[in-house]
Amino acid sequence: MIRTLQTKLVALLVVLSTLFAITTPSTAQDTSTWDAIQERGTLRIGVTQAPPWFFKNPATNSWSGLGTSIGAAMAETLGVELEPVEVTWGTAVSALQANQIDIMFVLDATPARAMAIDFPAQPLLYYALAVLADDELNIKTWDDLDKPDLKIAVTQGTTMDRYVSARLTNAEILRFPSNGESVAAFQSKRVNAVSLFHPPLIAMRKKIGRGQIVLPAPLRQSASSAGVRRESDTRFRDWVNTAISYYYETGQTQVWYEEFLTEFGVDPDSVPAIRREEW
């Protein structure tokens, strides 16, 4: 009799716990991102110090940059406040998975990342492999750099390294462990040019105070995107896709980009656009 009662009690507890788990939200992720934004009243965007995408003013602790401008426009349309949340490029994916942020702009849609989070179908912007080169060099194509008397810095083992090494067989290629060391070689005039994707070169050129940013032909372009949390309710991802497509096609993304460059002290006409139609 006692064993029978114990068995029935255990079975009842199992049923009750199962029902509780099904009907009671236990985590913030049980609410879709779309609904959570409305309930919370904020759109949480990931931010990290990386101009021109994100820039934290040390004097005011306020954020600007292209990503911030896009986030502010989205928040206004959604009728909520913008909430910047500091992350790093390395922790952005885990921050989305842990429901710490709602979206991370300028996050490239790689196959590895797509296994963990979602991306809208529409690219956010485009950038291309570029060189920051001595001002006196006349560069229009990669062949203009493929000369025995020119030295080119690249970051070892990267896309830049593989592409430049394959195209430039006559120039002297110097490989460095990091982007910073590659740029430092140009700053110290140990090389005539450094090759990186063009947006990071903007802040570097401003810091160095010399050099021209060129997209040599043929262009080696890449698209960037916006990462969102993977969930069964796709309303937020689908809305983001519509929004960034609208901003891009109307030219607003480029406008925000140029506005930040101007505030940052960089002439927009001196750097490549992020709309590939303008290259």
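Scope of this entry: the structure provided in the associated data block. Just so we're clear, the structure is a prediction, and the values are computed from it rather than from any experiment.

Moving on: the nonpolar core. Counting residues in each nonpolar core, the largest one holds 81 residues, and the members touching the most others are L43, M74, I103, F105 and L145. Per-element accounting of this core gives the leading share, 8 residues, to strand β6 (residues 125–133). Leave out the neighbours within four places in its chain, and M74 touches L43, I103, F105, W239, V240, A243, I244 and Y247.

In this structure, P52 follows P51 across a cis peptide bond, with omega equal to 10°. Looking at the secondary structure, you find P52 in the loop between β1 (42–47) and β2 (55–56). Of note in this structure, N61 is not a glycine but carries a positive phi near 60°. Take N61: it is sitting in the loop between β2 and β3 (63–64).

Centre-to-centre distance and the angle between the planes together describe a pair of aromatic rings. Taken as a whole and assessed by the stated rule, the structure comprises 12 aromatic pairs. Relative to W239, the ring of W34 lies with its centre 6.2 Å away and its plane at 65°, an arrangement referred to as edge-to-face. Within this pair, whereas W34 is found in helix α2 (residues 33–40), its partner W239 is found in helix α9 (residues 235–249), the two being separated by 205 residues in sequence. W239 gets classed as buried once you look at its relative accessible area, which sits at 19%.

All right, on to the environment of R167 then. Relative to the helices and strands, R167 resides in helix α6 (residues 159–167). For R167, a relative accessible area of 32% gives the class partly exposed. For the pair R167 and D146, spaced 21 residues apart in sequence, the C-alpha to C-alpha distance is 7.8 Å. With sequence-adjacent residues up to four places away left out, R167 is seen in contact with W142, D146 and P218.

Together, E258, E259, E263, D267 and D269 line one region of the surface with negative charge. Here E259 shows up in helix α10 (residues 252–263). By relative accessible area, E259 is classed as partly exposed at 41%.

Criteria and thresholds
- Residues numbered from 1 in each chain as written.
- Predicted model: local features only at pLDDT ≥ 70, side-chain atom pairs only at ≥ 80, totals over all residues.
- Heavy atoms only, no water.
- Core = buried A, V, L, I, M, F, W, Y, C linked by side-chain atoms within 4.5 Å.
- Buried < 20%, exposed > 50% of the residue type's maximum accessible area, 1.4 Å probe, protein only.
- Helix = DSSP H or I, 4+ residues; strand = E, 2+ residues; numbered from the N terminus.
- Contact = heavy atoms within 4.5 Å.
- Phe/Tyr/Trp six-rings, centres within 6.5 Å; stacked < 30°, edge-to-face > 60°.
- Patch = residues over 30% accessible without salt bridge, like charges linked within 9 Å, V, L, I, M, F, W, Y side chains within 5 Å.
- Areas by Shrake-Rupley, 256 points an atom, 1.4 Å probe, with all protein chains shown as cover.
- Salt bridge = Lys/Arg side-chain N within 4 Å of Asp/Glu carboxyl O.
- Lys, Arg positive; Asp, Glu negative; His and termini not counted.
- Charge placed at Lys NZ, Arg CZ, Asp CG, Glu CD.

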